[in-house]
Amino acid sequence: MTVFLSWRHTPWLILSTLSLISYASAHMIEVTASRKECFFEDLHEHDQMTVTYQVGEGGHLDIDFWLTDPENNVLTKHVRESTGTTSITAEKDGRYEYCFSNQMSTVADKMVSFNVHGIIYVSEETDVIAPVEREIRSLAIGLTSVKDEQEYIVVRERRHRDTAESTCDRVKWWSVLQALVLFAVVAWQVYYLKSFFEVKRVI
């Protein structure tokens, strides 16, 4: 499964002299037990990329994550983390791959929400940027950060809701078990005490 760059502001490349263009993409995937899911981005030198992720469901809410450069050198590695963020600046052109691994689990599947966003470097002949363009670029980056924060809150709320529902189910069944044990003890006590008052006839 592959995911390519999602360009949200490509008209800037045509209409202005911006030296940096923002891009962003958000995804939700299921990483089954004993497997991994890998994605890649084709970057050029000086491009910046940030990957943020969070495990929303499954097992102990942990996942292994790593990011490699075009020469397969590991740039970032997280082991059994429930959430994480990593940022890189490409030092060379090529394909940068990042993977989410659930190979440590043999039973539980994991639901992972992750965002890929960053800045694509565009060379230009002039360093002059209009104030309006600078403000638009700053606003675009701010909106991307707000969007990431909202998605993080949604995933966190879903995880807390699942935990609360699971706790309620456990309390309910524990109460049922206690009631059954209580009725059994009461019945045994009544039977045992009744045996003391029975009249035994000797023939």
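Computed from a prediction, not measured in an experiment: that's the story for all the values here.

Procedures and definitions
Residues numbered from 1 in each chain as written. Predicted model: local features only at pLDDT ≥ 70, side-chain atom pairs only at ≥ 80, totals over all residues. Heavy atoms only, no water. Helix = DSSP H or I, 4+ residues; strand = E, 2+ residues; numbered from the N terminus. Salt bridge = Lys/Arg side-chain N within 4 Å of Asp/Glu carboxyl O. Buried < 20%, exposed > 50% of the residue type's maximum accessible area, 1.4 Å probe, protein only. pLDDT = per-residue confidence, 0-100. Contact = heavy atoms within 4.5 Å. Patch = residues over 30% accessible without salt bridge, like charges linked within 9 Å, V, L, I, M, F, W, Y side chains within 5 Å. Areas by Shrake-Rupley, 256 points an atom, 1.4 Å probe, with all protein chains shown as cover. Expected span 1.5 Å × (residues − 1). Pairing = 2+ DSSP bridges. Axes fitted to C-alpha atoms, helices over the stretch in contact; angles between N-to-C directions.

Asker: How do you make sense of unusual backbone geometry when you look at a structure like this?
Answerer: Within the chain, S34 stands out as a residue other than glycine whose phi angle is a positive 65°. Residue placement: S34 occurs in the loop between β1 (20-31) and β2 (36-43).

Asker: When you look at the pattern of salt bridges in this model, what are you seeing that I'm missing?
Answerer: Counted by the stated rule, this structure contains 5 salt bridges. As a salt-bridge pair, D42 and R95 come within 3.0 Å of each other at their nearest N and O atoms. Placement of the pair is D42 in strand β2 and R95 in strand β7 (residues 94-101), with a sequence separation of 53 residues. A relative accessible area of 36% places D42 in the partly exposed class. Residues D62 and K110 are paired through a salt bridge, measuring 3.0 Å at the closest nitrogen-oxygen approach. With D62 in the loop between β3 (48-57) and β4 (63-68) and K110 in strand β8 (residues 110-121), the pair connects residues that are 48 residues apart, well separated along the chain. Assessed through its relative accessible area of 2%, K110 is described here as buried.

Asker: Hey, could you run me through the confidence of the model for the protein in this one?
Answerer: A low pLDDT means the predicted coordinates there should not be read in detail. When pLDDT is averaged along the protein, the result is 80; 80% of the residues meet or exceed 70. Here helix α1 (residues 11-15) is the element of the protein with the lowest mean pLDDT, 36, and β4 is the one with the highest, 96. This model gives residues 1-20 a pLDDT under 50, and the stretch forms 56 contacts once residues within four places in sequence are excluded.

Asker: It is not clear to me how a nonpolar patch on the surface should be interpreted in this structure. Could you clarify?
Answerer: Where nonpolar side chains cluster on the molecular surface, the patch consists of W188, Y192, L193, F196 and F197 and spans about 670 Å² of accessible area. Inspection of the secondary structure puts F196 in helix α2 (residues 131-196). The exposure class of F196 is exposed, given its relative accessible area of 55%.

Asker: Sorry if this is basic, but what is going on with α2 here?
Answerer: An α-helical segment advances 3.6 residues per turn. Residues three or four places apart therefore align on the same side. The end-to-end C-alpha distance of α2 is 97 Å, a good match for the 98 Å that 66 residues give at a rise of 1.5 Å each. Residues E133, R137, A140, T144, D148, V155 and R159 constitute the buried set of α2.

Asker: Is there a simple way to think about the sheet that holds strand β5 (residues 74-81) in this case?
Answerer: Strands in a sheet are paired, the pairing made by backbone hydrogen bonds, and the direction either parallel or antiparallel. The 4 strands are arranged β2-β7-β4-β5 in an open sheet whose pairing can be described as antiparallel. Because the sheet does not close on itself, it has two edges, and the strands there are β2 and β5. When the angles between neighbouring strand axes are averaged without regard to direction, this sheet yields 10°. Alignment of β4 against β5, held across 5 bridges, turns out to be antiparallel. Directly across from I63, in β5, lies its bridge partner E81.

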